[in-house]
Amino acid sequence: MPSNLVSDQGLQFTSRYWKAFGHFSCFKPFLCGRTKRNKARSVTVNKGIVTKEMNEIHSETVGFLDDENDECDDNNDGNTRIHPMDVQMAVFHCADSFLRQNMVTKLSSCQYALPLLVPSPTSTDIELPLWTFRQIKKTWKSVGGSSTSLPVCQVKAPMVFFCRLGSVSTSKSQLLNSLINPTYDTFFHRDSPGSSRNRLFMEGLVEIAWYCPAGNTDDLFSECTAFCNLHGDAAEHREQADFLTERATVSVILLQNMKPKEKELLERLYKDSSKYLICVISDLQKGALKIGSCNNMRIGLRDRNQAELQEELRAVIRTCLQKCNSAPTFCLEESSELAKRCGFRVDEDSEDCQEGKTGALEVTELLKGEDISQIKTKLLPCQGKLWQEWSSKNKQLYHLYGDVEQTKSKIQQEMKLIRNRQRETSLTLIKAVCRYLNIKHNTKKAYFVRWLGVCLDVLFLEELSEVTQQYYKLMSDVNDLKQKCELTDDLRKKQEQLEKLSEKVDAVTCGLEHIMREMGQIYEAWAERPREMPAEVSDLPAVAADLLISGHPLELMDGDAAHVPLTWIESVLDKVTETLGDQRVFVLSVLGLQSSGKSTMLNTMFGLQFAVSAGRCTRGAFMQLIRVKEEDKEELRFDYLLVVDTEGLQSLQLVGKQSDLSHDNELATFVTGLADMTLINIFGENPAEMKDVIQIVVQAFLRIKKVKLTPSCMFVHQNVPDISAGEKNMEGKRRLQDKLDEMTRLAAAEEVCSAEYFTDVIKFNIQTDVHYFAQLWEGNPPMAPPNPRYSENVEKLKQAVLTAAAGKKCLRLSELKVRIRDLWTAVLSEDFVFSFKNTLEIAGEKKLEVIYGNWTWDLRENMLFIQNKLQNRIENGKLKAVDQKLISEEINPTLTAVQSKMEKFFNEDNDAEILSQWKARTEQRIKDVCDSLTEATARKMTELIKLKAACKKLDEKKTQYENELFNRSKDLASRLKDKAMNEQSLGREFDSMWERWLSNLRSETPPIKDLNIEQEVMNILSSTFERRIVYSNRESKQYKQINTRREYSEYVTMKKYFGIISRSLDSKDHDSVRELVQETVREAEEIIITKPVDRTGYSDTYTQEIVNRVKKRVEEFKSERFRLKNEFTVDLSLFVCDIAVRKFTELHRVFRESNDPVIYLGNKKGEFFSIFKKQCEGATATTVFTDFICNKLKPSILQSVYDQTVIDAAGEMRRNYPAFNGNRSNLEKHILLDLAEDENFERFITYIQNPKKHFSDFIKIKFKQEMLEGRNPRILEILKNALKMKQSSVFSAIQKATQETKQNRGGVHEWLERFSLELQSEMRFTLKDLVGAQYQEITHTDFFSKVMNKTLQSVFDDLTSSFNDISSVRMDMFRQKRPEDILMKQLCGCWVQCPFCKAICTNTIEGHDGDHSVPFHSPQGVNGVT
C-alpha cells in the first residue's frame, strides 16, 4: 500500500477527531505497538505539527496494515484510502489498557460511539473492554424530575439494538444518528468525510452510545437509553447478535433481499414474545405501519424521505419503550457475566487488573459497615475539624494582640493538643492504601489507583446524589423565602437545615485526594516528633512523590481548611527532588470563576487528570507534574512543567462557611505569586467578573515585597462564538489595559508605591497575552458534542505559554519549596487587604472613614455646645437634674441631620454600590457614638450638679461678702460725698474701711490652708511602702525615666525552673514591662483629670486612690520568666505621683484663690475702689450699680468666650490642617512624615514605645504652631470672633429684657430677672449674685438699660483689646478641655499595638468591638526583632 496517500477527507476527519482528544503527540507514540507508559506526560513545541505528525501517523499505520494490503486497492486512480475508523481501532488494538481507557473516555466526551464488543484482528476472540468505560459518567434529567449522575458501568437503561441482515441500501449508522442526535454524527457512517468501502477492523465491531435527556419537553426520548450498533451483517456475526438481542429491549433490523441464513436469525427474534422487534425493510412500499404478531412491527422504506422515516422510527421506538415502561434491561457491569458465557473475553479479567481491583476492594471494605456520612469523620479524622481548627489557630499566630506571649503560648499549646489527637488516630486505612502504592509493579499500582477511585465513587455516589438533591431543593426554598423579604422562623430553620446539608455534602464526598490529605496530616502530626515517627509514616512523602511523578495531582492547598500544609508539601518536594534531581520547574496556574472551564482547559492542553465534573468541582489548589521531552529542554530551558489548578472563585459552596472574599483573595494571591505564568480564565468577553480579584492580587503583590515575585499572566476569554472576536475587541483590549492600569494606580496610591501601570506589577502584553476561545460545546449538554475549534484554540494558547516560558528563568525544585513557604507565610501575615473585595473597596472604605470622621465631629461639636449650655444653666441654678433623655432631645436635631447626610452619601455617591455593604454598620456606629457622647455628658453634668451642691454654701458666702462690701463702700461714699477730697484721701478712707471689714472677716472665717501637696504625697507613699526606699529612690531620680527606659533588668528577679535560673530578659520581656508602665501612667492620668481639686480642694484620698491603682496593676502583671521587684512599684508610684503633685498643686492654688474669702476679695479690691470712687464723684446709683453688675458679668463673659473658643479652635484645626482633616490613618501618616523630616531618634523611640504620648505631643505641637505662634496668632482672631458672638447674645438679652419689662411695667428687679433668664444658657449670671446689694432707689428701667449697654460695651472693648497680645491668652480658662484634647479624643481611640511590629490599631473607638486592624504593618525590626 502506498504510504503517502491519505485522502484529504480522511485527514480532515482524523485531524478533527484527534484534536477533540487533545494533541496529536498523545497519539503517535502508541502506534505500532509502542505501549510503554511514561511516568509523566510529555510537552512538545508546535512546528507544523498537524501535517508532519499526521504523515507520520499515516506512515506507521500503513506499516501496521501491510498484511491486508491486497484487499485495500479498490480505487481506480491507484490510491488507497484508509478508513478513519480503522485508524481509531488500530490505535485501540495497539494501546495498553490505560490508553484505551483514556481514548474511550475522551470519545465519550466528544459524544462519539464507544467500542463495546471488539473482535481481535489476529484471532477469533471477541473482547468486552469493560475497563475502558470505568472513568465515564453519564448525567441526565427526566421531565419534572431531578438530575441523575452515575458511572456508565452502573447505568441500567433500556437498550435499542440496531443491526442489518444482508446488504441494504440505507445506512444503518446514519439512520441511528438521526434518531439520537440529528445535528451530530455519533456513529461514523458511509457518508462521513473520509469514509471508504473497505474497512479492516470494523466488521463485527459493536459500538454503543447513550441518549441522555436534559429534562426538557422536546427531548427525543424521556429516559436514558442505550443504543448499540453492530457493524457488518448480523448473520455473519452471530455471537455479537445473540449477545445483544439477549440484552436488548428493542431490536431494529434493516432488511433487503434476505438469504436463508439471515431468515433464520429473524425468525428466532420474531418468535421471542418478550422482545420488541422492528423490521425496517428497504423494498417494502411506504404505507401504514405494519403490525405483526405480539411485539413485532414493520416499516417500509420505499418512496419515503429521510425526515419522515426518522420521525416514524423514533415514534415507534418511543412507543415500545413506553409499553415496557422503559424497563432497564442493559447494564455494562452486569453484562460482563453474559459476555463470558458467550465466550467473550473481558479485559478486566487480566491478572494485573484483578490484583488492583482486589486491593481497592480491600481498602473500601474497611470503609463499609459505617454510616456513609460518618466514614470520613471516623476513618479519616485528621483532615476534618482537627485540621481546620489547627489551621485557624496557625493563622491566629500571625495576628496576636493583647498579652502576646500568653496568647501565643496558649495557642501553641492548643495546636500541640490537636497534633496529639491526630497522632492517636489509627493507621489501618493508610497502611492498607500504602501497601499497594508501594508495590514495585507500576501497572498493578496504576490499576489500584484507578480502581480505588472507582470503588470510592460507587461507595459514596448514591448518598452524595441524594444529599445533593436535598441541598439544591432546600436552597431553592430558602431563595423563595428570601424573595419575600421577611425574616421568619421558617426561613431561619431552613437556613440551619441548609448549613447542615452543606456539611453533609462534604461528609459524603470522598476520593483519593482525601486519603492523600489524611496522609499529609498524619505526617505533619508526627513530624513534630521525628524521633518517635513510625516507619510507615516516614514513607508517606515518598508515596505521594511517586504519585506526583506518575502524573497524579497532589493537593497543594486544602480546599476545606483553606490552608497549605507546608511541612507535608516540603517533604514531598524533597522526595521528588531525590528521585528526579533538583530540576528546573516552570509553574503554570489558572484562575477563574467556578465552573468556567479552567480544569477542562488544562486537561485538554496537557492531557491531565484534574476533576471537571460539575458535581466534584476542584476545591483548593492541586498541582500536577509534566515532564518535558529531552529534545525540547534546551529551547524551553526547564525540565518540568508544574500545573496548578484552583477551585473556582466566588464558589457557592463557600458562602456561609467562611469569609469567601478573604478565601478567594488569599487563594488568588497565593497561586498567582507561586506561578511563573497565570492564566486568568474569563467566561465571555467581559472581564468584569475577575476585576475584583485581580485588583486584590495587585495590591497584595505591592504589600508582599519580601518574596520578590515576578509574576506574569494571560487572559483567556472562553465561550466567544464570533471568529473575529479578537479583531473586534481591539477597543475592548484598550479599555481592559486602561482599567488594569487605573486599578494599579489606585492600589499603588493606597500602598504609597510608584507603580503606574499593571505591567509594573505583573508582566503582561495586551497584544499577545489576550486569547479568545470558541465555546466548548456545540449545543446544550448533555448530548452536545465539543467544538473542534476549542482544541485548536487550546493548542494556540499552549504554544503561546511555552513561547513565553522559554524566556523565563525558572526555579529549581528546592527553590520552589522555599517560595511556597515564603509566599504562604506572607499571605498569612497580610490579612488586612484580603478582607476587602478589591482596591476600589479599600479606597471606598477609607473615603467612608473620612466622611464618618466628619459626621462624628458634627455630633461631638454639637455635644460640646450642649455641655456649655447645660453647665451654664447648672451654675445659674436653673437645672437641678440631668438625664440622658434631656440630652438626647438636645442632640437629636444634629443626629437627624447627620443621618440625612449619611443617607444621601450612601445613595448618591459615585461608589454607592460598593459603599452599600457598610451602610448598616456605619449607621450603628453613628448611633453608638451618639449614645456614648450622651451617656458621658449626662454623667459629667450629674457630677457637676453634685459638685455645685457641695460648694453651695461656699458660693453663697462669696456672694454675700461681695454684696456686703458693695453696700459698705456705698455707705462710705454717701458720707464722704459732700466733702472735698482728693483721690489719695479717698484711697486712705477706703483702705481703712477695707481693713476693718477684712479684720472682721478673718475673725469669722478661718483661711484655707496652703498645703504642701508634695509632702502630703510623700507621707502617703511612706505609709504605703518602706520609708527608706521611697526617699532613697526619690533622691536618685532614676524613677523619672521609668516610662522611657529601654531595658528593665534591674527591676526584675528571674524565676527558677528545676533549680535553674532563667536567662536574662529578652526584648519581648522589656516590651511587656514598658507596656505595663505606660498603661499604668495612662490610667493614673485619667484619675487625676477627674478629681475636682479646683472646686473642692485637695484630699489625701485622691493620692491614695492613685497609689492603690499602681499597686493593683503591678500585682496583676504576670510573667512565666520573672517577677517584678518592690523597687519597681515604688519607682512607678513616684513617677505617677510626680505627675499628680504638679497637677494637684496648681489646681489647689486655683481653689484657694477662688474660695478663700480674704484672697478672693483681695483680688477684687481694685474693682470695688473704682465703684467707690465713682460714687464719691457723684455718679448716679444706676451707674454705680451697672458697674457692679458688669464687674460680676465680666469673668462669666470671658469664661463663655473661652468655652466657645475651645470648640471653634478644634474645628478650625480639623478643617484647615491636613493632619487633622481625615481619619486616624491620615493623622498617623503625617506623624510619620514629621518623624522622617525631623530625624530625631528619641522621638522615634517615643512613637514606638509610647504612641499615645507621641500622638498627644504631636497634636499639642501642631496646635501651638498653628494657633499660638507667628506674627498674628490665629487663636486671637478666634477669641475675638467668639467675643463678638457673646456680645451679640448679651445685647440681645438686654433688648429683650427691656421690652418685656416695659410691657409688664415692671421695675429693675424684673428687668434683672428677664436678663438673667436670657443668659442662663450662655454664661453664669443669676439674681442670687445680687442678693443683699441695694438698688431699690433705681426706678427708671430705660435709663438703666442704656447705662448697661454703655457699661457692657466698655467691658467688651476692654476684653477685645486684651486679645491683641498672645501673652494675654489664658490657656487655663479652657474649662472643659483644651482644643488639643478634643482633637485627641476625636482622632485617637484604640492604642493596642501589633505584637510583632508595634503598628497601632486605627480604630477611633477605644474598647471597640471586633478585631484590631491596621492598614499596613511595619518591619519587625521596629520592634527590635531581626
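Residues numbered from 1 in each chain as written. Predicted model: local features only at pLDDT ≥ 70, side-chain atom pairs only at ≥ 80, totals over all residues. Heavy atoms only, no water.

Section: the overall build of the chain
Then, in step 1: Across its full length, the chain carries 50 helices and 25 strands.
Then, in step 2: Considering only residue pairs separated by 6 or more positions, the chain has 76% of its internal contacts joining residues 24 or more positions apart.
Then, in step 3: Accessible surface, the chain as shown: approximately 64,300 Å² in total, 48% of it carbon and sulfur. (Helix = DSSP H or I, 4+ residues; strand = E, 2+ residues; numbered from the N terminus. Contact = heavy atoms within 4.5 Å. Areas by Shrake-Rupley, 256 points an atom, 1.4 Å probe, with all protein chains shown as cover.)

Focus: the nonpolar core
Then, in step 1: With 115 residues, the main nonpolar core has Met519, Phe670, Phe715 and Ile820 as its most contacted residues.
Then, in step 2: At 17 residues, the largest contribution of residues to this core is made by helix α15 (residues 442-483).
Then, in step 3: By size, the runner-up hydrophobic cluster in this structure holds 92 residues, among which are Met85, Leu230, Ala241 and Ile253. (Core = buried A, V, L, I, M, F, W, Y, C linked by side-chain atoms within 4.5 Å. Buried < 20%, exposed > 50% of the residue type's maximum accessible area, 1.4 Å probe, protein only.)

Some points on helix α39 (residues 1100-1116)
At 3.6 residues per turn, the α-helix brings residues three or four places apart onto the same side.
Then, in step 1: Given a rise of 1.5 Å per residue, 17 residues ought to cover 24 Å, and the 25 Å separating the end C-alpha atoms of α39 matches this to within 8%.
Then, in step 2: Buried within α39 we find Tyr1102, Thr1103, Ile1106, Val1107, Val1110 and Val1114. The buried residues of α39 all sit within an arc of 130° when viewed along its axis, so they share a single face. Exposed side of α39, more than 90 degrees from the buried face: Thr1101 and Glu1115 are the residues found there. (Expected span 1.5 Å × (residues − 1). Arc of directions from axis to C-beta.)

Re the pairing of strand β14 (residues 554-558)
Then, in step 1: Counted residue by residue, β14 has five buried out of five residues, so it is predominantly covered.
Then, in step 2: Bridge analysis of β14 against strand β16 (residues 620-628) gives four bridges, and the strand direction is antiparallel. When the sheet's bridge partners are listed, methionine 557 is paired in β16 with alanine 621. (Pairing = 2+ DSSP bridges.)

Topic: the packing of helix α6 (residues 238-247) against helix α9 (residues 332-341)
Then, in step 1: Axis separation between α6 and α9 bottoms out at 11 Å; the angle between their running directions is 140°. Here α6 lies oblique to α9, going by the angle between them. Note on packing geometry: the crossing formed by α6 with α9 is right-handed. Seen from α6, the contacting residues are Phe243, Glu246 and Arg247; seen from α9, they are Glu334, Ser335, Leu338 and Ala339.
Then, in step 2: Tallied by class, the residues present in the contact of α6 with α9 amount to three nonpolar, one polar and three charged. (Axes fitted to C-alpha atoms, helices over the stretch in contact; angles between N-to-C directions. Parallel < 35°, antiparallel > 145°, perpendicular 65-115°, else oblique. Left-handed = near helix turned anticlockwise from the far one by under 90°. Nonpolar A, V, L, I, M, F, W, Y, C, P; charged D, E, K, R; others polar.)

Side note on unusual backbone geometry
Then, in step 1: Unlike most non-glycine residues, alanine 562 shows phi in positive territory, near 55°.
Then, in step 2: Position of alanine 562 among the secondary structure elements: in the loop between β14 and α20 (566-580).

Some words on the environment of aspartate 1208
Then, in step 1: With respect to the element layout, aspartate 1208 can be found in helix α43 (residues 1181-1216).
Then, in step 2: In the structure, aspartate 1208 is positioned 171 residues away from proline 1379 in sequence and 8.4 Å away in space, judged by C-alpha atoms.
Then, in step 3: If sequence neighbours within four positions are ignored, aspartate 1208 has contacts with Phe865, Arg1215 and Ile1278.
Then, in step 4: A polar contact is formed between the side chain of aspartate 1208 and the side chain of glutamine 1204, at a distance of 2.9 Å. (Polar contact = N/O pair within 3.5 Å; in protein donor to acceptor, adjacent residues only side chain to side chain.)

Quick notes on the pattern of salt bridges
Then, in step 1: All chains considered together, the criterion is met by 57 salt bridges.
Then, in step 2: A salt bridge links glutamate 362 to arginine 435, with the nearest nitrogen and oxygen atoms 2.1 Å apart. Remark: arginine 435 occurs in helix α14 (residues 428-437) and glutamate 362 occurs in helix α10 (residues 351-367); sequence separation between them is 73 residues.
Then, in step 3: Put simply, arginine 1243 and aspartate 1238 hold a salt bridge, and the shortest N to O gap is 2.9 Å.
Then, in step 4: For aspartate 1238, a relative accessible area of 37% puts it in the partly exposed group.
Then, in step 5: Through salt bridges with shared partners, one network takes in Arg517, Glu555, Asp558 and Asp560. (Salt bridge = Lys/Arg side-chain N within 4 Å of Asp/Glu carboxyl O.)

Some thoughts on the environment of isoleucine 1029
Then, in step 1: Tracing the backbone through its elements, the reader meets isoleucine 1029 in helix α36 (residues 1027-1036).
Then, in step 2: Accessibility expressed as a relative area gives 11% for isoleucine 1029, which makes it buried.
Then, in step 3: Residues isoleucine 1029 and aspartate 1131, spaced 102 residues apart in sequence, show a C-alpha to C-alpha distance of 9.4 Å.
Then, in step 4: Setting aside anything within four residues of it in sequence, one finds isoleucine 1029 in contact with Asn1126 and Val1130.

Some remarks on the pairing of strand β5 (residues 147-151)
A regular strand places its side chains on the two faces of the sheet in alternate fashion.
Then, in step 1: Sheet analysis places strand β4 (residues 137-141) next to β5, joined by five bridges and oriented antiparallel. The partner of threonine 139 across the bridge, within β5, is serine 149.
Then, in step 2: Between β4 and β5, which pair antiparallel and follow one another directly, the connecting turn spans five residues, one of which, glycine 144, has a positive phi of 75°.

Notes on the packing of aromatic side chains
Then, in step 1: Counting across every chain of the model gives 32 aromatic pairs.
Then, in step 2: Seen in terms of ring centroids, phenylalanine 1117 and phenylalanine 1122 are 6.0 Å apart; in terms of plane orientation they differ by 35°. Their pairing is tilted.
Then, in step 3: These aromatic residues form a ring-pair network of at least three members: Phe98, Trp131, Tyr447 and Trp451.
Then, in step 4: Above the face of the tyrosine 852 ring, arginine 925 is positioned so that its terminal group lies 4.0 Å from the ring centre. (Phe/Tyr/Trp six-rings, centres within 6.5 Å; stacked < 30°, edge-to-face > 60°. Lys NZ or Arg CZ within 6 Å of the ring centre and 35° of its normal.)

Considerations on the packing of helix α44 (residues 1224-1238) against helix α45 (residues 1241-1249)
Then, in step 1: Contact pair α44 / α45: the axes reach a minimum separation of 9 Å and the direction vectors enclose 155°. By the angle between their directions, the pair α44 and α45 is classed as roughly antiparallel. At the point where α44 passes α45, the crossing takes the left-handed sense. Two secondary-structure elements touch here, α44 through Glu1228, Ile1231, Leu1232, Asp1234, Leu1235, Ala1236 and Asp1238 and α45 through Arg1243, Phe1244 and Tyr1247.

Focus: the confidence of the model for the chain
Then, in step 1: In this model, the chain carries a mean pLDDT of 79, and residues with pLDDT of at least 70 account for 81%.
Then, in step 2: Looking across the chain, the model is least confident in strand β1 (residues 42-43), with a mean pLDDT of 36, and most confident in strand β7 (residues 206-211), with 95.
Then, in step 3: Scored below 50 in pLDDT, residues 1-78 shows 149 contacts in the model against residues more than four places distant or in partner chains.
Then, in step 4: Below pLDDT 50 for its whole length, residues 652-659 participates in 16 contacts with residues either more than four positions away or in separate chains. (pLDDT = per-residue confidence, 0-100.)

Side note on the side chain of threonine 364
Then, in step 1: Looking at the element boundaries, threonine 364 is found in helix α10.
Then, in step 2: Exposure remark for threonine 364: the relative accessible area of 2% places this residue in the buried category.
Then, in step 3: Within the structure, the side chain of threonine 364 is placed 3.1 Å from the backbone oxygen of leucine 361, a separation counted as a polar contact.
Then, in step 4: With sequence-adjacent residues up to four places away left out, threonine 364 is seen in contact with Leu452, Cys455 and Leu456.

Thoughts on the environment of alanine 897
Then, in step 1: Considering the arrangement of structural elements, one finds alanine 897 in helix α30 (residues 884-908).
Then, in step 2: On the accessibility criterion, alanine 897 (38% relative accessible area) is partly exposed.
Then, in step 3: Along the chain, alanine 897 and leucine 859 lie 38 residues apart, while their C-alpha atoms are 9.7 Å from each other.

Regarding helix α19 (residues 540-549)
Then, in step 1: The buried count for α19 comes to eight of 10 residues, which makes it a mostly enclosed element.
Then, in step 2: Of all the positions in α19, only Leu540, Pro541, Val543, Ala544, Ala545, Leu547, Leu548 and Ile549 are classed as buried.
Then, in step 3: Following α19 by one or two positions, glycine 551 has its phi on the positive side, about 100°.

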